[in-house]
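Results of the structural survey
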There are 2 protein chains.
Amino acid sequence: MTRLTLAVDAMGGDFGPCVTVPASLQALASHTHLVLLLVGDPDIISSFLAKADSSLLGRVQVIPAESVIASDAKPSQAIRNSRGSSMRVALEQVKEGRAQACISAGNTGALMGLAKMLLKPLDGIERPALMTVLPHQQHGKTVVLDLGANVDSDSDMLVQFAVMGAVMAEEVLEIAKPRVALLNIGQEETKGLETIRAASAVLRDTPQINYIGYLEGNDLLTGKTDVLVCDGFVGNVTLKTMEGVVRMFLSLLKSSEDGKKRAWWLKLVGRWIQKRLAKRFGHLNPDQYNGACLLGLRGTVIKSHGAANQRAFAVAIEQAEQAVRRQVPERIAARLDAVLARSDKA
Amino acid sequence: MTRLTLAVDAMGGDFGPCVTVPASLQALASHTHLVLLLVGDPDIISSFLAKADSSLLGRVQVIPAESVIASDAKPSQAIRNSRGSSMRVALEQVKEGRAQACISAGNTGALMGLAKMLLKPLDGIERPALMTVLPHQQHGKTVVLDLGANVDSDSDMLVQFAVMGAVMAEEVLEIAKPRVALLNIGQEETKGLETIRAASAVLRDTPQINYIGYLEGNDLLTGKTDVLVCDGFVGNVTLKTMEGVVRMFLSLLKSSEDGKKRAWWLKLVGRWIQKRLAKRFGHLNPDQYNGACLLGLRGTVIKSHGAANQRAFAVAIEQAEQAVRRQVPERIAARLDAVLARSDKA
C-alpha cells in the first residue's frame, strides 16, 4: 500500500499526549504504511515516545506547537488566538500538503471553524457537517450527520448533509442506492419543524437521492435507513443519549453480581454468560466507532471524542486513514457537481 | 380512599379499544377507588366489556362518541373537526367536572391543542409541556420535559418548563430542592442555542429553582439531575432514541441462543441468567413508565404512547390517578404564583 501521512493534534482532548501518543503508536503498529506527524510540545511527546519500538519511531515525526486550545474555550476567541496551537499546526500540515488528513480530540467548535478557514468548504457546501458511522441492530451500518458542527441548520444545509451522507454510504460503506431519511418527531409529512419539512420537499424532488422520508429517534439503531440526517444540535444530543444508554448497559452487564451468595459453579457460568453477552453487544460500544468525520471540506479532518481512551483514539486515526484511502472529499465533490448541475438544469 | 373518576379516550392509539378497554379493566381491578368513563363507540366498547367481572363493571360507564381523530391527522384540521370525537368528549368530561383527569393514546398534537382550548393553561404558562418521569441508573427518578408538546420553544417557555418540572419533582417524587438542568450540547456556558443560554441566565437568577447548569444527552439516565428541561423537538427525539436503545437491549437479552450447540444444563443456566438480567434492567423498560403528563393546564391530561400495549396503557391510567391524587395542577399553580410574584417584585 502507498505511504499515507496523517497529522495528529497530540495535545487535544481531555488527556492529551497520555492518550494520543500511545494510540498513535498502536495505529502505526497495525498499519505499516502509515506515517504520523505528532503535533504539540516536543518534550512531552518525546517522553511518551521514549520507550517505543524503534521500528515504529521511523514513521513518527514530532512537529512543535507552542500552545493548546482549551476544550472549554469559546470557539470564536480560540480561533482568533489559534496561531501556533497544536490544533492549528496539525491542520496546516494538511493545508500545505504535508499530511493527507488531521485527527484531533480538541475543542469541536474551534476545530470546525479552523478547518473551514484553512481547508475551505467544497463548492456547493455552506457549512461542513460532523458525520459518524453507527453500527445498527441488523449488523449493518448507518451514516448519521450532522452531529454538532452546526447548531442551527436551514433546509438547504440539511439537503447538503443528505448528499454528503449518501456519498459516504455509497463510496465507503459500499451500499448501492443508499436509503436517506430525515430525523423527525413523527413519520407523517405534516410533523416537525418547518426546516425539516422544506428539506423533505427538496429531497423528494432529487432523483439522485434515494429519499425514504422521516424516521424517529427510536429508529437510530434499527437499520431502517442507511443515512440519517438531522441538524447538529439534535444529532449531538441524540448520539450522546444513545451512547449514554449503551455505556450504562455495558457497564451493568459487566458489573459484579447482585450480592446474593451463590454456588461457585453458578458464579463461574454466570460470569461466562455475562462476558458472552458483553461481547455480543460489543459492536455497539461507542469506543468501537470513535471519530466523527468533518465532511464537506477540501481535506479530511477527524474529530475524536474529547474523552477518548487509547483504543478509541486509535480507532479515530484509522477512520482518517480510511477516509483518505477512499478519497472521501474528492468523491463528495464529484457527486455534488452532478447533483448541482442536474438541479441547475431542472 | 375517596372515589376518583377518570375519562379514557377508548378509541385513541394504534389499537383502540383492543388495548384501552382491557387496560381499563386491569386498572379498575388494582385500584378499587377508581371509576372509569370509557369514551367511544358503545357497541365496540361493550363487546370488549362483555366478559368482564361484574364487580368491575359497576365502576365503568360508557360515554358515546361518534368519531375518532386519526393518529396521522393534521392537528389544526383535526381540532376543527373534533366535535363528537372520543378525544374531545373525554376532555369535556374533565372540563365539565364529571371526571378529574383524561387519558388518551391518540394524536399528540390534537390532544395538546384540544386540552389547551378546553382546559385552559394556568396563569403564567404560555404553552403546556409533555412531561415524563424516567427511571435512572441510581435507582432514582428524573423528570424530563418538554417531550414534544411544542416543536419550538423560546427561553421564557423553557423557564416555565423548569418551574413545572421542579414542582413535579418536589411534590410527586418528594425530592427536596430538586436539581434542575437544561439539556445542551456541552456543559460550558458558551455552548448551544441562544434560547438555551437565555433561559440559563434567567434560571441562575431565580432563587426558587435549584438550577445546576447544562447537561448533555449522555446524562439522561445517570441521575445527575432531578429535572431535565429541553424543547419539545429535542425532548421527543431524545426520549425515543433512549427507548429504542433500551428496547433493543431488552430484546437481545431475551432473544434465543446464538445457534451453537451446547449442553442442556448450560442452556438452562444461560436462560436463567438472561432472565435475571432482563429483570435487572426491567425498570428501564419503556412500558413501565408509559404516560406523559401534559403539565401547565387547569386539569390533568395523560398522553399514552400510541403503540402502548395493555400493560403500558394501564400504567398511563395509574399515572393519571396519581397526578389527581397529588393535585399536580393545583400545586404547579401555587408555585407559579410564588415565582411570578417574587420576580415581579425583583
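One can find the structure itself at the top, above this paragraph.
To start, this report covers the structure provided alongside it. (Residues numbered from 1 in each chain as written. Chains lettered and ligands numbered in written order. Predicted model: local features only at pLDDT ≥ 70, side-chain atom pairs only at ≥ 80, totals over all residues. Heavy atoms only, no water.)

1. Topic: helix α11 (residues 310-325) of chain A
All names here are of chain A. Counted at 1.5 Å a residue, the expected span for α11 with its 16 residues is 22 Å, and the 23 Å between its end C-alpha atoms agrees. Listing the buried residues of α11 in full gives Ala 312, Phe 313, Ala 314, Val 315, Ala 316, Ile 317, Ala 320, Glu 321, Ala 323 and Val 324. Positioned one or two residues after α11, Gln 327 has a phi angle of 55°, which is positive. (Helix = DSSP H or I, 4+ residues; strand = E, 2+ residues; numbered from the N terminus. Expected span 1.5 Å × (residues − 1). Buried < 20%, exposed > 50% of the residue type's maximum accessible area, 1.4 Å probe, protein only.)

2. Here we look at the side chain of Ser 85 of chain B
Residues and elements named next belong to chain B. Relative to the assigned elements, Ser 85 resides in the loop between α4 (75-80) and α5 (86-95). Using a relative accessible area of 1% as the deciding quantity, one classes Ser 85 as buried. Here Ser 85 is in contact with Ala 65, Ser 67 and Ile 69, once residues within four sequence places are set aside. (Contact = heavy atoms within 4.5 Å.)

3. Some details on the sheet that holds strand β3 (residues 60-64) of chain B
Residue and element names in this part refer to chain B. Spatial ordering of the open sheet is given by β3-β2-β1-β4-β11-β10-β5-β6-β9-β7-β8, a layout of 11 strands whose pairing is mixed. The open sheet is flanked by β3 and β8 (210-215), the only strands paired with a single partner. Here the average twist between neighbouring strands, direction ignored, is 25°. (Pairing = 2+ DSSP bridges. Axes fitted to C-alpha atoms, helices over the stretch in contact; angles between N-to-C directions.)

4. Some thoughts on the pairing of strand β1 (residues 4-9) of chain B
Residues and elements named next belong to chain B. Summarising burial for β1: six of the six residues are buried, a large majority. For β1 and strand β2 (residues 34-40), the ladder comprises six bridges, and the chain directions are parallel. Note that in β2 the partner of Leu 6 across the bridge is Leu 36. Between the parallel elements β1 and β2, the chain passes through helix α1 (residues 17-30) in a crossover that is right-handed. Note that β1 and strand β4 (residues 101-104) share three bridges and pair parallel. What sits directly across from Val 8, in β4, is Ile 103. (Right-handed = clockwise from strand over helix to strand, strands pointing away.)

5. Observations concerning unusual backbone geometry
Residue and element names in this part refer to chain A. In this model, Leu 145 is joined to Asp 146 through a cis peptide bond whose omega is -5°. Relative to the helices and strands, Asp 146 resides in the loop between β6 (141-145) and α7 (155-172). The residue Glu 174 is not glycine, and still its phi comes out positive at about 60°. With respect to the helices and strands, Glu 174 occurs in the loop between α7 and β7 (179-183).

6. Let's talk about the sheet that holds strand β3 (residues 60-64) of chain A
All names here are of chain A. Ordered by their spatial adjacency, 11 strands build an open sheet running β3-β2-β1-β4-β11-β10-β5-β6-β9-β7-β8, and the pairing between neighbours is mixed. Looking at the sheet topology across the chains shown, the edges are occupied by β3 and β8 (210-215). Averaged over all pairs of adjacent strands, the angle between their axes in this sheet comes to 25°, without regard to strand direction. Together, β7 and β8 form the strand contacts of helix α8 (residues 194-204), whose direction differs from that of β8 by roughly 155°.

7. Section: the nonpolar core
In this structure, Leu 6, Leu 91 and Leu 145 of chain A together with Leu 6, Leu 91 and Leu 145 of chain B are the most contacted members of the largest nonpolar core, which totals 237 residues. Residues within four places of Leu 91 of chain A in sequence aside, it is in contact with Cys 102, Leu 111, Leu 114, Ala 115, Leu 118, Leu 119 and Val 301 of chain A. (Core = buried A, V, L, I, M, F, W, Y, C linked by side-chain atoms within 4.5 Å.)

8. Observations concerning a nonpolar patch on the surface
Residues Trp 264, Trp 265 and Leu 268 of chain A together with Trp 264, Trp 265 and Leu 268 of chain B make up a contiguous nonpolar surface patch of about 790 Å² in total accessible area. Put simply, the parts of the chain that give the nonpolar patch at least two residues each are α10 (264-280) of chain A together with α10 (264-280) of chain B. Considering the arrangement of structural elements, one finds Trp 264 of chain B in helix α10. For Trp 264 of chain B, a relative accessible area of 65% corresponds to the exposed category. (Patch = residues over 30% accessible without salt bridge, like charges linked within 9 Å, V, L, I, M, F, W, Y side chains within 5 Å. Areas by Shrake-Rupley, 256 points an atom, 1.4 Å probe, with all protein chains shown as cover. Salt bridge = Lys/Arg side-chain N within 4 Å of Asp/Glu carboxyl O.)

9. A closer look at α7 of chain A
Residues and elements named next belong to chain A. When the terminal C-alpha atoms of α7 are compared, their 25 Å separation across 18 residues agrees well with the 26 Å that a helix rising 1.5 Å per residue should span. By the criterion of burial, α7 is predominantly enclosed, with 15 of the 18 residues buried. Two or three places before Asp 156, at the start of α7, stands the capping residue Asp 154, its side-chain oxygen 3.2 Å from that residue's backbone nitrogen. In the segment just after α7, Glu 174 is the residue with positive phi, at about 60°. (Polar contact = N/O pair within 3.5 Å; in protein donor to acceptor, adjacent residues only side chain to side chain.)

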